[in-house]
Structure formats: C-alpha cells, structure tokens
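Geometric and topological summary
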Protein chains: 2
Amino acid sequence: MKRIAESTVRRLSLYLRFLEEFEKAGKLTIASGELARSGGTTSAQVRKDLSFFGSFGKRGLGYSIRELTGAIRGILGLKHSWKVVIVGAGKIGAALAQYSGFPDRGFNVVGIFDNDPRRVGQWYDGVAVADVCSLEADVRRLGAEIAIIAVPPQAAQGVADRVAAAGIHAILDFSTAAITVPPSVTLRSMNMAVELEILSFALTEGARQ
Amino acid sequence: MKRIAESTVRRLSLYLRFLEEFEKAGKLTIASGELARSGGTTSAQVRKDLSFFGSFGKRGLGYSIRELTGAIRGILGLKHSWKVVIVGAGKIGAALAQYSGFPDRGFNVVGIFDNDPRRVGQWYDGVAVADVCSLEADVRRLGAEIAIIAVPPQAAQGVADRVAAAGIHAILDFSTAAITVPPSVTLRSMNMAVELEILSFALTEGARQ
DNA sequence: CCTTGTGAATCGTTTCACAGCC
DNA sequence: GGCTGTGAAACGATTCACAAGG
C-alpha cells in the first residue's frame, strides 16, 4: 500500500468531525461536495482522500454517513481506545489531564508525571501525579502507547528520549522546543511559539503588500 | 514578491530557535548544513528558504548567527511586540494567560474574556478576566491584533466571527472544532483531537505493516 | 441526471548540482 | 577548499475531467 500523506490523514480527521455533526443532525447520506464545503476543500479532494483506502460511496447517491463514519474511524485506528501518559503536571499538563474531551474520543489518560515533589500525589480525574523517576517502569506496566509532553522546553528532549526508550511510538509535544525522535517514533508538535510566529509573519506580510 | 509557503515560514521559526541556542552557546557563524541538522532538514532547504528573502550568508564562510537571527526576526515580524487577547478563561485559557514564555517572545496578553460570571474579575498576570460582552469594544480599544480562542467547540465559530468583525486578522484556535474565517483573516489551529488522531493512524498503520 | 472513483494534467515544493564568491 | 545562492530536475500533492454506475 502506498504511503499516505499527512495532509490526507489530517483531512480525514476533519471529515470525521463534520460527519458526526451531520449524523447528530439526522442526515443519512452526504455527497463529497457537501463534506468538502464544511472542510474548506474540494469534492475531488474528498474523493481522492477516501480512494486511498477503498470505495465507500454509491455513484449518484453519495456516502452513507453511518458507514463512512465507521470507515474513517477504522482507518484512523479509533475503533479501540489508546492509553496516554502526560509528562509535566504544570498549568498545561494539568489542564490536559482534566480535559474531558479526551476519553470521549478514545484517549484515556492512564498516568501523569512530574519532577516537582509538590505536584506529585495531586489527583486529576482519578489519576495521581507520579514522580517522573518511575516514568519508564510505569509506561511499561500500564502499557501506555502515546505520550504527551508538557514540560519546560529545556526538559522536552530528555523526556522524549525516555518515553521512546520505554517503548512509546507516538508523542504529542506541547513544549516550545523543537525535539527530534528516532524514525520508529511518530512526533506531532503543538508548538505555540511557531504558530504565533506564523501569524506574526502573516500580519507583517499583509501590511507589507 | 512570490507567495511564501507555510512550510517555509514554519522552518524559519524553527531556525530562529536553533540560532538563539547557538548564539547563547557563543557560536558566531553557522553553515546551512549545521542549521539543517538541528532542524531535521537539508542544507539546500535552508538555503532555499532564506533565498526567498535575500542573501544573508557569505560564500565559503556561512552565516553570521547574529545577523541571520536579526534577519529572520525581521522576516517573521518579531521586531516589535503584538497584542494578544485570549477568549475563554477555562483550564486551557487560564494556563495560556499565565504562560510566561509569551511576553518573552513579543506576544503580550492585553485581555482575557469569558462568559461565566464566576470567572469574570479573576486576575491572571496583571490582566483581569472581562465579560465576553465587551469583546468587540475591548479589542478595538486595546488595539489587539491576535486572538487566541480557548472555548468549548460549540462556541468557537461564534467567537471567531466576533473577533474577525472587531478587526482581528490573526487567530490561534485551541478548540477541537474546525472553524472557518474570511480570507482576510489568518487562522492557525492547534487542534489536539486532530493531532491525536494522526498519531492513532500512525500507530495503527505501523501495526498493519 | 447525479455523484463516485480515478488516470492524466497541473501546480507547488523539495532536491540536485554547479557556477560564483570568499 | 568550502559554502552560498539558484536555475533545473525530480518528486509529491491537488485539481481536472470523464467513464462508469446508481
């Protein structure tokens, strides 16, 4: 099977969001054009994205919302839930730990870690903050599959190395550092500094023209 | 001037981070290859990215770190500071409001808004939470240029419409909704749901192969 | 007649490779 | 000799356009 572009996967995730809304609204079928309009793309793009994985529609009719939702959830690996650990129980880490949208979508926080003794032992939504010393052991014991890094930038690379060594293959990095991981690990960065600077560039460019 | 790709701007922002580290370490010059290695790209990519904006290096020598840092800060519009409002003073909004890395990099939080009377009046780092009723008026009065949206997904689109109407041209959306904005507004989404689903896909794909 | 699925064409980005300069 | 700056080539993603099927 051909390698799938990240942009395709990102759009599938968005389609899923819109499909769930349409489903809630009681709609039964949808055409690629309508899905495209919700997501700011084109009908050809929607069809091409789906075509990498099979054919899910009926010519002349469109897609069954129920079926397409199921298909995309299967493609994205959302038919079962994932175990997530959060490293860093500061403001952002704590906010994420309490975020209720998580479990709803199949991502269960099974561990939270910090190196500050004042934070260790605090409870967030049924999970106690553990000392980061036990990170590797706990990741293995709990069978965690995804790590969220929410530590200061200087500590981010070290944490990434440690969770990778403990067998984690997927990392979501909230720090403003730019970290690197071995090829066997998938890394997504939610780097607020970078996003703000992209906005700054756009504002500046707009003013230049 | 040709349109600049978003990927180029994102890399410039990363280069800036590495350059600042090298500068702190006392290095004076750097070659494209070394910058590339820090950022997981290639020397040709670094040179091409910079070439869109001018020529900043010396053949045979590389780039003066001091000069290149200044040039990139100029390109990204970071030579002056930006006024930011945060809409939503829940867990994420409050965490962002207190985030000290913000002002360091020229992004000053000048306003925080919420619709919950229990949150209105709370102080975060010298700024009081205001009622979201006064959003448009305050945005104009304060001269805010960037809005950060940290509200529940159902409310995100409405907030985006309101800040856009109030004259804001740059939005950073932390909600898990997929919102749309007029072409005059630049939108960046830090959509945790999408990023987690991309990780889920990668883990599933890895297992499939 | 409407809408999908898809090869072919187009467009944009990255990589190559080398002339030009320090 | 070493490294930049940049056209040209290669690659990858998006858009087009149409045959096929309900």
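Throughout what follows, the structure given in this document is the object of discussion. Along each chain, residue indices are assigned from 1 in the same order as the chain's sequence is written. Ligands are numbered from 1 and chains lettered from A, in the order in which they are written. At least 70 in pLDDT is required for a residue's local features to be given in this predicted model, at least 80 for side-chain atom pairs to be given and counted, and no such filter applies to totals for whole chains, interfaces and linings, which use all residues. Computation of side-chain values: all heavy atoms of the structure, hydrogens and water removed.

This part covers the packing of helix 9 (residues 192–208) of chain A against helix 4 (residues 65–76) of chain B. Axis definition: a line fit to C-alpha positions, over the contact stretch in the case of helices; interaxial angles, taken between N-to-C directions, run 0 to 180 degrees. The way it works is that DSSP assigns letters per residue, a run of H or I at least four long becomes a helix, a run of E at least two long becomes a strand, and they are numbered from the N terminus. Two numbers describe how helix 9 of chain A lies on helix 4 of chain B: the axes approach to 7 Å, and their chain directions differ by 70 degrees. Considering the angle they form, helix 9 of chain A stands roughly perpendicular to helix 4 of chain B. Seen from helix 9 of chain A, the contacting residues are Glu197, Ser200, Phe201, Thr204 and Arg208 of chain A; seen from helix 4 of chain B, they are Gly74, Ile75 and Leu76 of chain B. For classification, angles of less than 35 degrees are called roughly parallel, those exceeding 145 degrees roughly antiparallel, those between 65 and 115 degrees roughly perpendicular, and all remaining angles oblique. In what follows, a contact means two residues having at least one pair of non-hydrogen atoms within 4.5 Å.

Only buried residues count toward a nonpolar core. Its members are Ala, Val, Leu, Ile, Met, Phe, Trp, Tyr and Cys residues joined through side-chain atoms within 4.5 Å. Partly exposed residues are those whose accessible area sits between 20% and 50% of the maximum for their type, while under 20% is buried and over 50% is exposed, using a 1.4 Å probe and protein chains only. Formed by 97 residues in total, the largest nonpolar core has its most connected members in Ile72, Ile112 and Ile146 of chain A together with Ile72, Ile112 and Ile146 of chain B. Per-element accounting of this core gives the leading share, 8 residues, to helix 1 (residues 6–24) of chain B. Those residues in contact with Ile146 of chain A that sit more than four places away from it in its chain are Trp82, Lys83, Val84, Val85, Phe107, Ile168 and Ala170 of chain A together with Leu196, Leu199 and Leu203 of chain B.

Attention shifts here to the relation of the copies chain A and chain B. Put simply, the second copy of the chain is the first one after a rotation about an axis and a shift along it. A residue counts toward the fit only if its pLDDT is at least 70 in both copies, and the copies are then superposed by least squares on the C-alpha atoms of those residues. For these two chains of identical sequence, chain A goes onto chain B by a turn of 180 degrees and a shift of 0.0 Å along the axis, with RMSD 0.0 Å. Within this description, the copies of the chain are treated as partners about a two-fold rotation axis. Of the interface residues in chain A, 100% have counterparts in chain B that sit at the interface too, so the contact is made through matching surfaces.

Turning our attention to the protein's contact with DNA strand D. Around DNA strand D, the structure places 24 residues, and the nearest of them are Arg59 of chain A together with Ser32, Arg47, Ser55 and Tyr63 of chain B. Think of it this way: one heavy atom of a residue within 4 Å of a molecule or strand is enough to make that residue near it. For DNA strand D, the fraction of protein-proximal atoms (within 4 Å) that sit in sugar or phosphate groups is 58%. Within the contact set of DNA strand D, a base nitrogen lies 3.4 Å away from a side-chain nitrogen or oxygen of Lys48 of chain B. Identification of polar contacts relies on pairs of N or O atoms within 3.5 Å, with a donor-acceptor requirement for protein atoms, meaning one able to donate a hydrogen and the other able to accept it, and with residues adjacent in sequence counted only if both atoms are side-chain atoms. Within the side chain of Tyr63 of chain B, a nitrogen or oxygen atom sits 2.8 Å from a phosphate oxygen of DNA strand D. For the surface near DNA strand D, the secondary structure elements donating two or more residues are helix 1 (6–24) and helix 3 (43–51) of chain A together with helix 3 (43–51), strand 2 (57–58) and strand 3 (62–64) of chain B.

Moving on: the side chain of Ser175 of chain B. All names here are of chain B. Relative to the elements of secondary structure, Ser175 occurs in the loop between strand 9 (170–173) and strand 10 (186–189). Of the polar contacts made by the side chain of Ser175, one reaches the backbone nitrogen of Ala177; its length is 3.2 Å. Not counting residues up to four positions away in its chain, the partners in contact with Ser175 are Ile149, Val151, Pro153, Ala156, Met190 and Asn191.

A few words on the interface of chain A and chain B. Listed by partner, the interface residues are 54 residues for chain A and 54 residues for chain B. Once two parts are put together, the accessible area they lose, assessed with a 1.4 Å probe and summed over both, is termed the buried area. It is Met192, Glu197 and Leu199 of chain A that lose the most area in chain A upon contact with chain B, and together they represent 13% of the buried surface on that side. Salt bridge, as used here: a side-chain nitrogen of Lys or Arg that lies within 4 Å of a carboxyl oxygen of Asp or Glu. A salt bridge links Glu195 of chain B to Arg10 of chain A; the nearest nitrogen and oxygen atoms lie 2.5 Å apart. Seen at the junction of chain A and chain B, the total is 18 residue pairs in polar contact (both at pLDDT 80 or more). Of all the secondary-structure elements, those providing two or more residues to the side of chain A that touches chain B are helix 1, helix 4 (65–76), helix 5 (91–97), strand 9 (170–173), strand 10 (186–189) and helix 9 of chain A. Per-element tally for the side of chain A that touches chain B: the top contributor is helix 9 of chain A, with 15 residues. Taken together, the residues of the side of chain A that touches chain B break down into 32 nonpolar, 12 polar and 10 charged. Residues are sorted three ways: Asp, Glu, Lys and Arg are charged, Ala, Val, Leu, Ile, Met, Phe, Trp, Tyr, Cys and Pro are nonpolar, and all the rest, Gly among them, are polar.

As a further point, take unusual backbone geometry. A positive phi angle, close to 50 degrees, is found at Asp125 of chain A, a residue other than glycine. Summarising the element assignment, Asp125 of chain A is placed in the loop between strand 6 (123–124) and strand 7 (127–131).

What follows covers helix 9 of chain A. One turn of an α-helix holds 3.6 residues; hence residues three or four places apart share an orientation. Here helix 9 of chain A contains 17 residues, and its C-alpha end-to-end distance of 24 Å stays within 8% of the 24 Å for a straight helix at 1.5 Å per residue. Among the 17 residues in helix 9 of chain A, 13 count as buried, and that is most of the element. For a helix, the expected span equals 1.5 Å multiplied by the residue count minus one.

For the rest of this paragraph, the subject is the pairing of strand 5 (residues 107–114) of chain A. Residues and elements named next belong to chain A. Of all 8 residues making up strand 5, 6 are buried, and the element is well covered by its neighbours. Following DSSP output, two strands are said to pair if at least two bridges run between them. Taken together, the 6 bridges between strand 4 (residues 82–87) and strand 5 define a ladder with parallel strand orientation. Opposite Val87, over in strand 5, you have Phe113 as the bridge partner. Judged from the 3 bridges that link them, strand 5 and strand 7 form a sheet pairing that is parallel. The residue of strand 7 that forms the bridge with Asp114 is Asp131.

Contacts to DNA strand C come from 25 residues, most closely from Ser32, Arg47, Ser55, Gly57 and Tyr63 of chain A. Expressed as a percentage, the sugar and phosphate content of the atoms of DNA strand C within 4 Å of the protein is 62%. Between Arg59 of chain B and DNA strand C, the recorded distance is 3.0 Å, taken from a side-chain N or O atom to a base nitrogen. Mapped onto the surface near DNA strand C, the elements with two or more residues apiece are helix 3, strand 2 (57–58) and strand 3 (62–64) of chain A together with helix 1 and helix 3 of chain B. Here the surface near DNA strand C gets 4 residues from one element, more than from any other, and that element is helix 3 of chain B. Split into classes, the residues belonging to the surface near DNA strand C amount to 7 nonpolar, 10 polar and 8 charged.

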